[in-house]
Amino acid sequence: DTAVSQTPKYLVTQMGNDKSIKCEQNLGHDTMYWYKQDSKKFLKIMFSYNNKELIINETVPNRFSPKSPDKAHLNLHINSLELGDSAVYFCASSHSRVANYGYTFGSGTRLTVV
Amino acid sequence: AQKITQTQPGMFVQEKEAVTLDCTYDTSDPSYGLFWYKQPSSGEMIFLIYQGSYDQQNATEGRYSLNFQKARKSANLVISASQLGDSAMYFCAMSLSGGYNKLIFGAGTRLAVHP
C-alpha cells in the first residue's frame, strides 16, 4: 500500500545505454513530479505533469523524456546515458497544481552510470 | 528570483536538547508556502511541517515547530527534545502560488544528534 512507488530502486548501467524509471501513486493526486538529487544532495525539479499535461519542463537535456499515461503514473526515460546523469531521481505527487500543498515523495532511484 | 538559503551545512546537538535549523527565503510573491523535509540516511524524503505565508500563527507538528518571521523572510525549524533518530539531512523548501506548485529547495543541513 505504498503511496508513491518508484522502480527500480537501484540502477547501474553503462554510458550510452537507454533506461527508464517508473513511478506510480495511489493517493489520487493530480500532479506528479520528477526531481534530481545530485551528489551534493541538491534537489532540483525536472518535470511536472498535471492530469497527464506537462506543466513544468525545466532546463533538462532532451535525452530525458517524461511520459504520463494517466494521472497515477509518471515515467522517466533517459537516452544515451552519460556519467553526469548519475544521481538519485525522486518521483513525487501532490494534490494540486496550485502552491502550498506538500509533496509525497517516492523512495528514490539511485542511478549510477559507469 | 526565488531562492532558499540554508547557511548551516552541518549542525550537532546533544540528545534531549533543542536545536534550530536556519532557513531564509527570497520571493516577491505575496502568496507562498514554506516546507521542511527530513532525509535520513536511508534516502527517503519525509514531510515534516508546512507554513503558509498568510498564516498568523507559527506551525507546529509534535516536536517540530516552524519559527516564521515574515519581515525577515526566515522560516527556521525548531526541533525540541532531540532524539538519535533525528540525525538526518533537513531541507527547507518554498512553493509559489504562480509556480505550478514547484518546490524550490535549499542546500540542506546535516544534523547529528549525539548521545
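Residues numbered from 1 in each chain as written. Chains lettered and ligands numbered in written order. Predicted model: local features only at pLDDT ≥ 70, side-chain atom pairs only at ≥ 80, totals over all residues. Heavy atoms only, no water.

**Student:** So what's going on with the pairing of strand β9 (residues 74–79) of chain B? Which residues, and what values?
**Tutor:** Residues and elements named next belong to chain B. Within β9, five of the six residues are buried, which leaves it mostly tucked inside the rest of the structure. The pairing of strand β3 (residues 19–21) with β9 spans three bridges and is classified as antiparallel. Bridging across to β9, Leu-21 finds its partner in Leu-77. In the sheet, strand β8 (residues 64–69) pairs with β9 via six bridges, with the strands oriented antiparallel. Among the inter-strand pairings, Phe-68 is bridged to a residue of β9, identified as Ala-75. Two successive antiparallel strands, β8 and β9, enclose a turn made up of four residues, where Lys-73 displays a positive phi of approximately 55°. (Buried < 20%, exposed > 50% of the residue type's maximum accessible area, 1.4 Å probe, protein only. Helix = DSSP H or I, 4+ residues; strand = E, 2+ residues; numbered from the N terminus. Pairing = 2+ DSSP bridges.)

**Student:** Which residues make up the sheet that holds strand β8 (residues 73–78) of chain A, and what are the values?
**Tutor:** Residues and elements named next belong to chain A. Across the sheet, which stays open at both edges, the four strands sit in the order β1-β3-β8-β7 with antiparallel pairing between neighbours. Of all the strands in the sheet, just β1 (4–7) and β7 (64–70) have a single pairing partner and so form its edges. Each strand axis lies, on average, 15° off the axis of its neighbour in the sheet, ignoring direction. Inspection of the sheet shows β7 paired to β8 by five bridges, in the antiparallel sense. By the bridge assignment for β8, Lys-67 is matched with Asn-75. (Axes fitted to C-alpha atoms, helices over the stretch in contact; angles between N-to-C directions.)

**Student:** Pulling in residues and values, what's your account of the side chain of Gln-6 of chain B?
**Tutor:** Residues and elements named next belong to chain B. Structurally, Gln-6 is set in the loop between β1 (3–5) and β2 (10–14). Judged by relative accessible area, Gln-6 falls into the buried class, the value being 8%. Separated by 3.0 Å, the side chain of Gln-6 and the backbone oxygen of Tyr-90 make a polar contact. Setting aside residues up to four positions removed in sequence, Gln-6 forms contacts with Asp-22, Trp-36, Tyr-90, Phe-91, Cys-92, Gly-106, Ala-107, Gly-108 and Thr-109. (Polar contact = N/O pair within 3.5 Å; in protein donor to acceptor, adjacent residues only side chain to side chain. Contact = heavy atoms within 4.5 Å.)

**Student:** Before we move on, could you go through the interface of chain A and chain B and cite the residues and values that matter?
**Tutor:** Between chain A and chain B, the residue contacts involve 22 residues of the former and 24 residues of the latter. Carbon and sulfur atoms make up 56% of the area that chain A and chain B hide from each other, which totals about 1800 Å². Applying the counting rule to chain A against chain B returns one salt bridge. The closest approach of N and O atoms between Glu-58 of chain A and Lys-102 of chain B, which form a salt bridge, is 3.3 Å. Here chain A is connected to chain B by five residue pairs in polar contact (both at pLDDT 80 or more). (Buried area = accessible area lost by both parts, 1.4 Å probe. Salt bridge = Lys/Arg side-chain N within 4 Å of Asp/Glu carboxyl O.)

What is shown is where atoms sit, not what they do.
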